[in-house]
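Each chain is listed here by its residues.
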Amino acid sequence: MKRIMIIILVACSFAACKKSGITPGLFGKWELRRTYGGFAYSDSTYKAGNGHIFQFSSDSSYKQFLNNTLTAQGKFHIVKLVYGGSTSAGIVFDDSGNPEPFILGGTTFTIGTAAADGIASDYQKISN
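Residues numbered from 1 in each chain as written. Predicted model: local features only at pLDDT ≥ 70, side-chain atom pairs only at ≥ 80, totals over all residues. Heavy atoms only, no water.

Visitor: Before we move on, can you summarise the overall build of the protein with the specific residues and values?
Guide: Counting its secondary structure elements, the protein contains 2 helices and 9 strands. Ordering the α and β elements of the protein from the N terminus gives α-α-β-β-β-β-β-β-β-β-β. Within the protein, the proportion of its 128 residues that are buried is 36%. Restricting to contacts in the protein with at least 6 residues of sequence separation, those with at least 24 account for 39%. Accessible area of the protein: about 7600 Å², with a carbon and sulfur share of 57%. (Helix = DSSP H or I, 4+ residues; strand = E, 2+ residues; numbered from the N terminus. Buried < 20%, exposed > 50% of the residue type's maximum accessible area, 1.4 Å probe, protein only. Contact = heavy atoms within 4.5 Å. Areas by Shrake-Rupley, 256 points an atom, 1.4 Å probe, with all protein chains shown as cover.)

Visitor: Hey, could you go over the pattern of salt bridges for me, with residue numbers and the actual values?
Guide: If you walk through the whole model with that rule in mind, you get 3 salt bridges. With a shortest N-O distance of 2.7 Å, E31 and R33 are connected by a salt bridge. (Salt bridge = Lys/Arg side-chain N within 4 Å of Asp/Glu carboxyl O.)

Visitor: I'd like to hear about the nonpolar core, residue by residue, with values.
Guide: Counting residues in hydrophobic clusters, the biggest one holds 15 residues, and the most contacted among them are L26, F56, F76, I91, F93, F109 and Y123. Those elements giving two or more residues to this core turn out to be strand 1 (28-37), strand 3 (53-56), strand 5 (69-83), strand 6 (86-93) and strand 8 (108-112). Contact partners of I91, with chain neighbours within four places excluded, come to L26, F56, F76, H77, I78, N98, P99, E100, F102 and I111. (Core = buried A, V, L, I, M, F, W, Y, C linked by side-chain atoms within 4.5 Å.)

Visitor: Any chance you could break down the pairing of strand 2 (residues 42-45) for me, citing the residues and the numbers?
Guide: As paired elements, strand 1 and strand 2 share 4 bridges and run antiparallel to each other. The residue bridging T35 from the neighbouring strand is S44, located in strand 2. Here strand 1 hands over to strand 2 after 4 residues, with G38 in that stretch at a positive phi of 95°. (Pairing = 2+ DSSP bridges.)

Visitor: How would you sum up the packing of aromatic side chains? Please name residues and give values.
Guide: Inspection of the entire model under this criterion finds 10 aromatic pairs. Aromatic pair F109 and Y123: ring centres 6.0 Å apart, planes at 45°, arrangement tilted. Taken as a pair, F109 in strand 8 and Y123 in strand 9 (residues 119-127) lie far apart in primary sequence, 14 residues in all. Judged on exposure class, the residue F109 and its partner Y123 are both buried. Among the aromatic side chains, those forming a connected cluster through ring pairs are W30, F54, F56, Y62, F76, F93, F102, F109 and Y123. Positioned above the aromatic ring of Y36, the side-chain terminus of R34 is 4.0 Å from the ring centre. (Phe/Tyr/Trp six-rings, centres within 6.5 Å; stacked < 30°, edge-to-face > 60°. Lys NZ or Arg CZ within 6 Å of the ring centre and 35° of its normal.)

Visitor: Tell me what's going on with the environment of N67, and back it up with residues and numbers.
Guide: Relative to the assigned elements, N67 resides in the loop between strand 4 (61-66) and strand 5. Sequence-wise, N67 and H52 are 15 residues apart; in three dimensions their C-alpha atoms are separated by 5.6 Å. With residues up to four places along the chain from it excluded, the contact list for N67 reads N50, G51 and H52.

Visitor: For the side chain of T35, give the residues involved together with the corresponding values.
Guide: Residue position: T35 is located in strand 1. In this structure the side chain of T35 is engaged in a polar contact, spanning 3.4 Å, whose partner is the side chain of Y46. Ignoring any residue separated from it by four or fewer positions in sequence, one finds T35 in contact with S42, D43, S44, Y46, I119, A120 and S121. (Polar contact = N/O pair within 3.5 Å; in protein donor to acceptor, adjacent residues only side chain to side chain.)

Visitor: Got a sec to walk through unusual backbone geometry? Specific residues and values, please.
Guide: Phi angles above zero are rare outside glycine, and Y41 is one such case at about 35°. Inspection of the secondary structure assignment puts Y41 in the loop between strand 1 and strand 2. Taking relative accessible area as the criterion, Y41 reaches 48% and is therefore assigned partly exposed. You will see that N68, though not glycine, has its phi angle at about 65°, which is positive. Note that N68 resides in the loop between strand 4 and strand 5. Among the residues examined, N68 registers a relative accessible area of 55% and is labelled exposed.

Here it is in structure tokens:
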């Protein structure tokens, strides 16, 4: 049974998000609230209504808006990331092959990481 579960989890991690069932809470609109990290470490907060939005749909499509202007759109999928024996979720945009780690926690979505001088961005869910 354990072997079957591992096979299913690995297969699901490479499937489209809507088929995997891993992140149904991701679907909807998310607005930027904070960015932090980087080589010189910075920490910025953003007020509601700032127009920096990710929109994820159940057909595995996304749209990204900056200042309420559409700047990117396409397809995304979820993958499993393994770092030093620990696992986490990653999101890949437009089959770029470059997954971004993310954490989904109820009404909060964090993409990126502040580790190794990276930038993390926290988003708040604003609609389904």
